[in-house]
Amino acid sequence: MRDLEWFGSMIRRPLSVGYVGEFTEEEVAGRILPGPKLPGHNRLSIYRQQYWLRFFKLMETCFPTIARLFSSHPLHFHLVVPYVQAHPPHAWSIDLLGAQFPAWLEATYEGSDKPLVVLAAQVDWAIYEGPTQPELPAVTLAQAATSVLRLQPHVTLWHMPWVFPPVRAQIIERPVDGWIDEPFPKLDRTECWWLLGRSPEGAMTWKRLSETQYLLLHTLSQGATLAQALENIPESALDEAQAGITAWFMEWQHNGWLTV
Amino acid sequence: MTIPNLGIGIGLRSAHYREILTQKPPIDWFEIISENYMPQTGRPMAILERVMEDYPIVQHGVSLGIGSPDPLDWDYLKKLKSLARRTKTPWLSDHLCWGRLDGSHFHDLLPLPYTREMVKIVSERARVIQDFLEIPFALENVSSYAEFTSSEMSEWEFYRAVVEEADISMMLDVNNIYVSSQNHDFDPKAYVHGLPLDRVLQIHLAGHTNCGTHLLDTHDAPVCDAVWDLFGYVYPKTRGVSVLLEWDEQFVSLEDTWSEALKAQKYTKQLQEAAACAT
């Protein structure tokens, strides 16, 4: 087992900038046999490169907006390497590699664009993990009046200082390094509220909300009846809520966003 | 227990979900990566349920890491068994490799030293796993790029010792034999000769990438001629087992993936015809 512990510690060493992961002959110290075309230390390097390239590629997939905001090289070496070193993958599912990435960014990233970067990471992760979240029994119309309602696990609510979802859609249309020489699309600095959830067809979709809709859904997200949700609405928005609640509920119920 | 020959299959991948569900192509069976469905939630599970209505499903795992310094992960195994009951997989396979250390995963199929000590560790674990799963369990040979100087035997001697001491089955990856034979300079037919082929319950085929100094097992291209030739050499010796094409990167259409897999028919039909003549 000592061979394996040594092997593991070697291939976890970060690649140097330029994606080079070569070891010296001395480092491998006769533990790896030479092959027909490569000496032992070069053969071990293949595993080191594979280890890191796999994580770089996965993080680009999980966090498409972050990947494009930073471009591939800074993403890999300034974010993924320190993140994976801080949070080595403990889950048997590689898909969970990025689960702590938004919180890690929030705790460690110091750029002036931190609020946007953290929001982008949170949104990317919600969209990545949404399809695999459980689908709990949808609320029926009969349950609407009296039951304690909740949001499905794949539904998340967002209160944003910018109109981010359409800009995100534009950003991820291009390749990871597609914005290096071009300015990013302009963010509309308008406070807004959104729901992100799985559509009946299974795709993750955005629905822009009014502040009143957001407040109602936010109360339901903690478990509440419709009547309790209405009680939490400020006086100024009560008329709007009472006038709209039936139609809104029908839409949320039709889309399968509520459970009991 | 009789192991069924399911015919020729391909890996169930999300790139082909829509075509499979809408066209229901005449594919014999699908193999799933167990870990992709083990949470048994959300869209992947909903799609798998629909696919299971029309096709046999076989589970193949990538995260067991049977030779790892870390002990077996019983939480993982319980989830694996739960999914196996749901899919009714006739057998279940993972790799003869390691991949966990100090509680974290490498998410790679790392090579083992071919030692007596490792045979003992892996075979004991494999026996325990098969008993726990209550279905045939098979280990697959991996492609490798490095070999430990501490090895005491060849890879095929190691593979043979593990499956025989554990009394488990073999998932033979013909592409992996070829890739490793080129990377370690051995005769792939000698590898085949050294194996107890009556234990093979499934064969994997795949494409690889030639990096000049070594071959990399990438599952992103058609099967090369040399691997087809090796398959033609191996397949009759197994007396006919299920065959599966793996294609995991640079996806092509379902139709093209299936066409590539169907090239195996050239060899499987020969065996069927020979058997028919013999009777």
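The shown structure was predicted, so the numbers you read here are calculated from the model rather than taken from an experiment.

1. Describing the sheet that holds strand β2 (residues 29-33) of chain B
Residue and element names in this part refer to chain B. Strand order in this closed barrel of eight strands is β1-β2-β3-β4-β7-β8-β9-β12, and the pairing throughout is parallel. Going from strand to strand, the sheet's axes swing by 30 degrees on average, the running direction of each strand aside. Here four bridges tie strand β4 (residues 92-95) to strand β7 (residues 137-140), and the two strands are oriented parallel to one another. Residue Ser93 lies in a different strand from β7, and its bridge partner there is Ala138.

2. Focus: the environment of Leu187(A)
Residue and element names in this part refer to chain A. Residue position: Leu187 is located in the loop between α8 (164-171) and β3 (192-198). Between the C-alpha atoms of Leu187 and Ile172, which are 15 residues apart in sequence, the distance is 15 Å. Ignoring anything within four residues of it in the chain, the contact list for Leu187 reads Trp162, Phe164 and Val167.

3. A look at the nonpolar core
Membership of the largest hydrophobic core comes to 110 residues, with the highest contact counts inside it found for Ala126(B), Leu139(B), Val162(B), Met170(B), Val174(B) and Leu205(B). It is helix α3 (residues 40-62) of chain A that contributes the most residues to this core, nine residues altogether. Excluding residues within four positions of it along the chain, Leu139(B) makes contact with Ile66(B), Ser93(B), Asp94(B), His95(B), Leu96(B), Ala126(B), Val162(B), Val163(B), Ile168(B), Met170(B) and Met171(B). Counting 15 residues, the second largest nonpolar core, distinct from the first, contains Val139(A), Leu149(A), Leu226(A) and Leu258(A).

4. A closer look at the interface of chain B and chain A
Tallying the contact residues gives 31 residues for chain B and 33 residues for chain A. Those elements that provide at least two residues to the side of chain B that touches chain A are α3 (42-52), β5 (98-101), β6 (104-110) and α7 (174-184) of chain B. Sort the elements by how many residues they give to the side of chain B that touches chain A and β6(B) lands first, with six residues. A per-class count over the side of chain B that touches chain A returns 12 nonpolar, 13 polar and six charged.

5. Some words on α3(B)
Along α3(B), the residues that are buried comprise Gly42(B), Arg43(B), Pro44(B) and Leu48(B). Against the buried residues of α3(B) lie β2 and α2 (34-37) of chain B.

6. Details of the sheet that holds β3(A)
Residue and element names in this part refer to chain A. Reading across the sheet, the three strands line up as β2-β3-β4 and stay open at both edges, with antiparallel pairing between neighbours. Because the sheet does not close on itself, it has two edges, and the strands there are β2 (156-160) and β4 (204-209). Averaged over all pairs of adjacent strands, the angle between their axes in this sheet comes to 25 degrees, without regard to strand direction. In this structure, β2 lies alongside β3, joined through five bridges in antiparallel fashion. Of the residues in β3, the one forming a bridge with Thr156 is Leu196.

About the cut-offs
Residues numbered from 1 in each chain as written. Chains lettered and ligands numbered in written order. Predicted model: local features only at pLDDT ≥ 70, side-chain atom pairs only at ≥ 80, totals over all residues. Pairing = 2+ DSSP bridges. Helix = DSSP H or I, 4+ residues; strand = E, 2+ residues; numbered from the N terminus. Axes fitted to C-alpha atoms, helices over the stretch in contact; angles between N-to-C directions. Contact = placed C-beta atoms within 7 Å. Core = buried A, V, L, I, M, F, W, Y, C linked by C-beta atoms within 7 Å. Buried ≥ 20, exposed ≤ 12 C-beta atoms within 10 Å, placed from the backbone. Nonpolar A, V, L, I, M, F, W, Y, C, P; charged D, E, K, R; others polar.

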